[in-house]
Amino acid sequence: MNSPSVRILNHAAEAVPLLLAEVEALAARPGTPLVGFATGGTFTAFFRALADELATKRLDASRLVATHLDEYLGFGPERFGGMVHELCEGCPPLRDWLARGAFLPVPNDGQPASIRAHEAALARHGGVQLQFLGIGRNGHLAFNEPGTPFDSGFHVTQLAETTRHDARARFAPDEPPTQAVTSGLATILGARRLVLCAFGAAKAPAVKAMLQGPIDPACPASLLRRHGDAHVLLDPAAAAELTRR
Ligand code: PGA
């Protein structure tokens, strides 16, 4: 199989049913399969649709367990701007998952013991089966900024200036945070299946570097090309700099 597979959609909205189908396929697997969600504007429409599927019980996700990629340091689930807060606002059924222990939040205190406990909890569930990913303008995956070693696990990191710039509107009039707890690149590569979405012209250079530049920590997302089951969904604007191969 070609990995990553790359699919160029006519429009970003076409990704929503494809992403829902990914969750549905996962929910049909035995046991308590673990899905890793990604935050960011890229996934807003998907979460709206997922909330609808869950609320109307068209999707039986009762055995699914959720986690996510990263959290701003010190941002608890109730704090506006945080990733768990964003996920629960965007997809309210996740609040129930959180309450019943079926949503494993990234430990926002960044303490080594909390991070080890989180990694152990993910491992107890058999590891992440399906990981959704966005990509930063600078090629970051989660908050693995350029230069992050490929063999990194969960860790506390400094946010790149482009990342903080892109988060500025979210936190205005306050300044965006400077630090976050993030899953590492090795953590992400360890997920069984990866589905990355990138939409809009601002992502075109990062998409080009990810798929057609060197596999190098300078573009963390280039690591996807070392995964055997990775899938990339693009809209035409995000795909605009790709040369056909
Ligand atoms: P976005 O963020 O979905 O808001 O573009 C993606 C990312 O920075 O990884």
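Residues numbered from 1 in each chain as written. Predicted model: local features only at pLDDT ≥ 70, side-chain atom pairs only at ≥ 80, totals over all residues. Heavy atoms only, no water.

**Section: empty space enclosed by the protein**
If you walk through the whole model with that rule in mind, you get one cavity of 30 Å³ or more. Put simply, the largest cavity is a space of about 60 Å³. Every residue lining the largest cavity is listed: Thr67, His68, Leu69, Leu122, Val128, Gln131, Phe154, Ser183, Thr187 and Ile188. The set of elements that each furnish at least two residues to the lining of the largest cavity consists of strand E3 (65-68), strand E6 (128-133) and helix H7 (185-189). For the lining of the largest cavity, the per-class residue count stands at five nonpolar, five polar and no charged. (1 Å grid on protein atoms, 1.4 Å probe; cavity = no way out; pocket = protein on both sides within 12 Å on 5 of 7 lines; lining within 4 Å. Points joined across faces, edges and corners; volume = space filled by probe spheres on them. Helix = DSSP H or I, 4+ residues; strand = E, 2+ residues; numbered from the N terminus. Nonpolar A, V, L, I, M, F, W, Y, C, P; charged D, E, K, R; others polar.)

**Overview of the site of the ligand**
For the ligand, the full set of nearby residues is Gly40, Gly41, Thr42, Gly134, Ile135, Gly136, His140 and Lys203. Gly41 is positioned such that a nitrogen or oxygen atom in its backbone is 2.9 Å from an oxygen atom of the ligand. Bound to the protein, the ligand loses 69% of the 280 Å² it would expose on its own. The cavity where the ligand resides is the largest pocket. (Near = heavy atom within 4 Å. Polar contact = N/O pair within 3.5 Å; in protein donor to acceptor, adjacent residues only side chain to side chain. Areas by Shrake-Rupley, 256 points an atom, 1.4 Å probe, with all protein chains shown as cover. Sits in = over half its atoms within 2 Å of the grid points.)

**Some points on the sheet that holds E3**
One open sheet holds the seven strands; their spatial order is E1-E10-E9-E6-E2-E3-E5, and the pairing between them is parallel. The sheet terminates laterally at strand E1 (5-8) and strand E5 (103-104), the two strands that pair on one side only. As defined by bridge partners, strand E9 (residues 193-198) adjoins strand E10 (residues 230-234) across five bridges and the pair is classed as parallel. Bridged to Ala198 within E10 is Leu234. Across the sheet, helix H8 (residues 204-212) is in contact with E1, E9 and E10; its angle to E10 comes to roughly 150°. (Pairing = 2+ DSSP bridges. Contact = heavy atoms within 4.5 Å. Axes fitted to C-alpha atoms, helices over the stretch in contact; angles between N-to-C directions.)

**Some details on the pattern of salt bridges**
This structure, assessed with the given rule, holds ten salt bridges. The residue Glu22 makes a salt bridge to Arg193 at a minimum N-O spacing of 2.7 Å. One end of the pair, Glu22, is in helix H1 (residues 15-27); the other, Arg193, is in strand E9, and 171 residues separate them in sequence. Among the residues examined, Glu22 registers a relative accessible area of 17% and is labelled buried. The class for Arg193 is partly exposed, based on a relative accessible area of 25%. Here the residues in one salt-bridge network are Glu161, Arg164, Arg168 and Glu175, joined through shared partners. (Salt bridge = Lys/Arg side-chain N within 4 Å of Asp/Glu carboxyl O. Buried < 20%, exposed > 50% of the residue type's maximum accessible area, 1.4 Å probe, protein only.)

**Details of unusual backbone geometry**
Residue Pro173 follows Ala172 across a cis peptide bond; omega there is 5°. Take Pro173: it is sitting in the loop between helix H6 (161-171) and strand E8 (179-182).

**Remarks on the packing of aromatic side chains**
Where two aromatic rings form a pair, the distance of their centres and the angle of their planes describe that pair. Applying the stated criterion across every chain, the model contains eleven aromatic pairs. With a centroid separation of 5.0 Å and an interplanar angle of 50°, the aromatic rings of Phe46 and Phe47 are classed as tilted. Each member of the pair, Phe46 as well as Phe47, carries the same accessibility label: buried. Relative to Phe132, the ring of Phe46 has its centre 5.3 Å away and its plane inclined at 55°; by these criteria the two rings are tilted. In this pair, Phe46 is assigned in helix H2 (residues 44-55) and Phe132 in strand E6, connecting sequence segments 86 residues apart. For the pair shown, Phe46 and Phe132 are each scored as buried. The cationic tip of Arg79 hangs over the ring face of Phe75; the distance from NZ or CZ to the ring centre is 3.7 Å. (Phe/Tyr/Trp six-rings, centres within 6.5 Å; stacked < 30°, edge-to-face > 60°. Lys NZ or Arg CZ within 6 Å of the ring centre and 35° of its normal.)

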